[in-house]
Amino acid sequence: MVFTRRPAAVLTAIVAACAMAISLTACTTDANSQDTADDQTTVTSSAPGVVAMFTPSDGITLNQQTPLNKWAKLTPNLTKALTSAGFKKGDISHTTSDSLDKQSRAIQDYVVNHLSGSNTTDDAGIVISPDNITLLVAPVVEADASTRQYGDYVSQELSTADTAEGSDSTDSSDSSNSSDSSDSSTGSDSTDDSSSDASKTAGDSKNAAQAEAVDRLVSSLKLAKESGMHVVLMGNSIKGYKPDTFVRFSDAQAIGKLQAEKIVSKLELSKASKDNPKYIEVLMPYTAVDESGEASDSTFVQEAFRGIWQVLGAYYQKGVVESPSGTLNGNSTEDDWQSVAYDASKEGSTAKVLDARLAKADEHASPTRIDGIIAMNDYIASEVVTELDDLGYTGSAADINPQITISGIVGNITGKKDLSRSDVPDPIKSPEKDDSADSTDSADTQDDSTATDKTDKTKDSQWPLVTGYGAYVSNIPSIVNGKQWMTGIEDRQTLAENIAEACALLNKGQTLTSMSSVRNTEVGGKKEVPTISGPLLAVSASNLKVTLIDPGYISLADAGL
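In what follows, the accompanying structure is described. (Residues numbered from 1 in each chain as written. Predicted model: local features only at pLDDT ≥ 70, side-chain atom pairs only at ≥ 80, totals over all residues. Heavy atoms only, no water.)

### Quick word on the sheet that holds strand β18 (residues 518-523)
Part 1: Read from one edge to the other, the open sheet built from seven strands follows the order β4-β3-β6-β8-β10-β19-β18, with strand pairing classed as mixed. The sheet is open, and its two edges are formed by β4 (92-97) and β18, each paired on a single side. The mean angle between the axes of side-by-side strands here comes to 30 degrees, regardless of whether they run parallel or antiparallel.
Part 2: As defined by bridge partners, strand β3 (residues 50-56) adjoins β4 across six bridges and the pair is classed as parallel. (Pairing = 2+ DSSP bridges. Helix = DSSP H or I, 4+ residues; strand = E, 2+ residues; numbered from the N terminus. Axes fitted to C-alpha atoms, helices over the stretch in contact; angles between N-to-C directions.)

Spelled out as structure tokens, the structure:
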């Protein structure tokens, strides 16, 4: 009896030891634990997993002028950041689409294929679990010519409830606008009615297709989330849809606010006075009629002006800032965007508007004094620079800080020396309003008057600060030589790094609370959405090397150096 029990005990001990050895072996394996079945391996949530990017195809800018805020510029930064975060290049895919219809179908196919098992393994036989997949989606939205000038990242919102908003948040195509367009035309009633009906039919068809594409996109993204995938929306939100994370890029209000804040700082408006005000003009370009001939929605331009007025409004009201053209004054409000808006789709419109705003008293008079011009984007800024030169303005933005010369700027950009800055003396009272230096000596008075007159003319013709946005490569030389004072750009590299970190955390089943760049905001009408955002970069000659050249956004050759 004793001998029959010993083999059983030994066998039990051996089995227990083997089990313990297997357990210990499992504990010492790679952290990316895997489940095996039918000769396939399923990656669990501890692995970096997969990222599938879906972005719009880049739009075409006017005259081949290209802003740096393009999807084609961001995706390489994203890929690099994702690989640095531990993702394999083979696990990062990228699909571009030139319409929402194509993009929604591509996302639908991707989700369905992965859930059906027809596209869930890689060459090594790895099965990708849904909770190890993150979809990075930048919904395709249409943009009119003027909105496109700001680059591809301007945030808009898709909606099935209002198809005009779905096809283009700055491009309305509802029936009321169609009727307004037809009412403004003249000719036979029958022709007008026929044209109007045809336009309405085409518009309805386009809206129906757009609504169908949005519905397909939303359904696909909901299916992805329900299956365990993670959805990160970039730039453009979807009304009524709550993603796992939202990446907020620039919007109209932020773009306007950035330029206004930099003008305030550079001109030191806090020190300006009513007796010696600063003169600022605001240009608000927009497209009055879209490509189909319908009146465009003015939402973008309204929001952009609101951002400007939130900063400059108080200075106009105090009387320390004036508009030479009188388009804005102390009684203006953030609703008076139409006072400074104009249809930029017409060739030469910017030059005509600026010429009218800065009109001389007569042909022999000196140029109208102007200290700053907010041009909104680099395309308009380039036209402003050309027109200012034609109007006789001289110098550059570098003259506002006399110790900074063009050679000094170039030296700083090429890394030869640092810039030294000093404030420009600006009297509290302008010379023409200062009577404290009256003299009883007529000769002295005449000499003083002559000198003052020369000073006034020089001041009147001084080149103003010109702002823009988009960091057009073609405009960089103008920033270097001071003709355009500043531009703006998204901090692409930092955003890409933050997005990659979020993808890694989501694929591991972790929250984004540890990320300093994330805060909860309302997105598409949904509250408490973790949102990645960052401040826009203001670029001028003084920091161009650090912001654009050192990160590799542009080369010295792009800067004309």
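On we go.
### Thoughts on the pattern of salt bridges
Part 1: Summed over all chains, the structure comprises 12 salt bridges.
Part 2: Where E212 meets R216, a salt bridge forms, and the shortest distance between an N and an O atom there is 3.4 Å. With E212 and R216 both in helix α7 (residues 189-227) and four residues apart, the pair spans about one turn of that helix.
Part 3: The closest approach of N and O atoms between D244 and K225, which form a salt bridge, is 3.9 Å. (Salt bridge = Lys/Arg side-chain N within 4 Å of Asp/Glu carboxyl O.)

### Some words on the nonpolar core
Within soluble globular proteins, side chains that are nonpolar tend to cluster in buried spots.
Part 1: One finds L269, I280, M284, I308, L312, I374 and M376 to be the most contacted residues of the largest nonpolar core, which totals 38 residues.
Part 2: Elements with a contribution of two residues or more to this core: α8 (252-266), β11 (278-282) and α9 (299-318).
Part 3: In terms of residue count, α9 provides more of this core than any other element does, 10 residues in total.
Part 4: Core analysis: the next-biggest nonpolar cluster, separate from the first, contains 29 residues, L136, Y153, V247 and I532 among them. (Core = buried A, V, L, I, M, F, W, Y, C linked by side-chain atoms within 4.5 Å. Buried < 20%, exposed > 50% of the residue type's maximum accessible area, 1.4 Å probe, protein only.)

### Examining α9
Part 1: Taking 1.5 Å per residue as the helical rise, α9 with its 20 residues ought to reach 28 Å, and the 28 Å between its terminal C-alpha atoms agrees with that figure.
Part 2: In α9, a bend of some 50 degrees at L312 exceeds every other bend along the element.
Part 3: Of the residues trailing α9, G319 is marked for its positive phi of about 85 degrees. (Expected span 1.5 Å × (residues − 1). Bend = angle between axes of the 7 residues up to and from the residue.)

### What about the pairing of β11?
Part 1: Taken across its five residues, β11 has five buried, putting it largely inside the fold.
Part 2: In this structure, β11 lies alongside strand β13 (residues 321-322), joined through two bridges in parallel fashion. Paired with K278 across the strands is V321, a residue of β13.

### Overview of the packing of helix α2 (residues 71-84) against helix α15 (residues 492-507)
Part 1: Where α2 meets α15, the closest approach of the two axes is 8 Å, and the angle between their N-to-C directions is 45 degrees. When the axes of α2 and α15 are compared, the pair comes out oblique. The handedness of the crossing between α2 and α15 is right-handed. Note on element contacts: α15 touches α2 through R492, Q493, A496, E497, I499, A500 and C503, opposite K73, L74, N77, L78, A81 and L82.
Part 2: For the contact of α2 with α15, a count of residues per class yields eight nonpolar, two polar and three charged. (Parallel < 35°, antiparallel > 145°, perpendicular 65-115°, else oblique. Left-handed = near helix turned anticlockwise from the far one by under 90°. Contact = heavy atoms within 4.5 Å. Nonpolar A, V, L, I, M, F, W, Y, C, P; charged D, E, K, R; others polar.)

### What to know about the packing of helix α10 (residues 349-357) against helix α11 (residues 378-390)
Part 1: Taken N-terminus to C-terminus, the directions of α10 and α11 make an angle of 50 degrees; their axes are 9 Å apart at the nearest point. In terms of orientation, α10 and α11 fall into the oblique class. Taken as a pair, α10 and α11 cross one another with a handedness that is right-handed. Contacts from T350, A351, L354 and D355 in α10 reach I380, E383, V384, E387 and L388 in α11.

### Comments concerning the environment of S99
Part 1: Mapped onto the elements of the fold, S99 is located in the loop between β4 and α3 (100-116).
Part 2: It is 8.1 Å that separates the C-alpha atoms of S99 and E142, two residues lying 43 residues apart in sequence.
Part 3: In this structure the side chain of S99 is engaged in a polar contact, spanning 3.2 Å, whose partner is the backbone nitrogen of K102. (Polar contact = N/O pair within 3.5 Å; in protein donor to acceptor, adjacent residues only side chain to side chain.)

### Considering the packing of aromatic side chains
Part 1: Evaluated as defined, the whole model comprises eight aromatic pairs.
Part 2: Pairing W71 with Y153 gives two aromatic rings, centres 5.1 Å apart and planes at 65 degrees, and the pair type is edge-to-face. One end of the pair, W71, is in helix α2; the other, Y153, is in the loop between α4 (145-148) and β7 (157-158), with 82 residues separating them in the sequence. The two residues W71 and Y153 agree in class, both being buried.
Part 3: Aromatic side chains W309 and Y316 sit 5.3 Å apart centroid to centroid with 25 degrees between the ring planes, which places their arrangement in the stacked category. Both residues of the pair, W309 and Y316, count as buried.
Part 4: A connected cluster of aromatic rings, assembled from ring pairs, spans W71, Y153 and F249.
Part 5: Over the aromatic face of W463 sits the side chain of K483, whose NZ or CZ is 4.0 Å from the ring centroid. (Phe/Tyr/Trp six-rings, centres within 6.5 Å; stacked < 30°, edge-to-face > 60°. Lys NZ or Arg CZ within 6 Å of the ring centre and 35° of its normal.)

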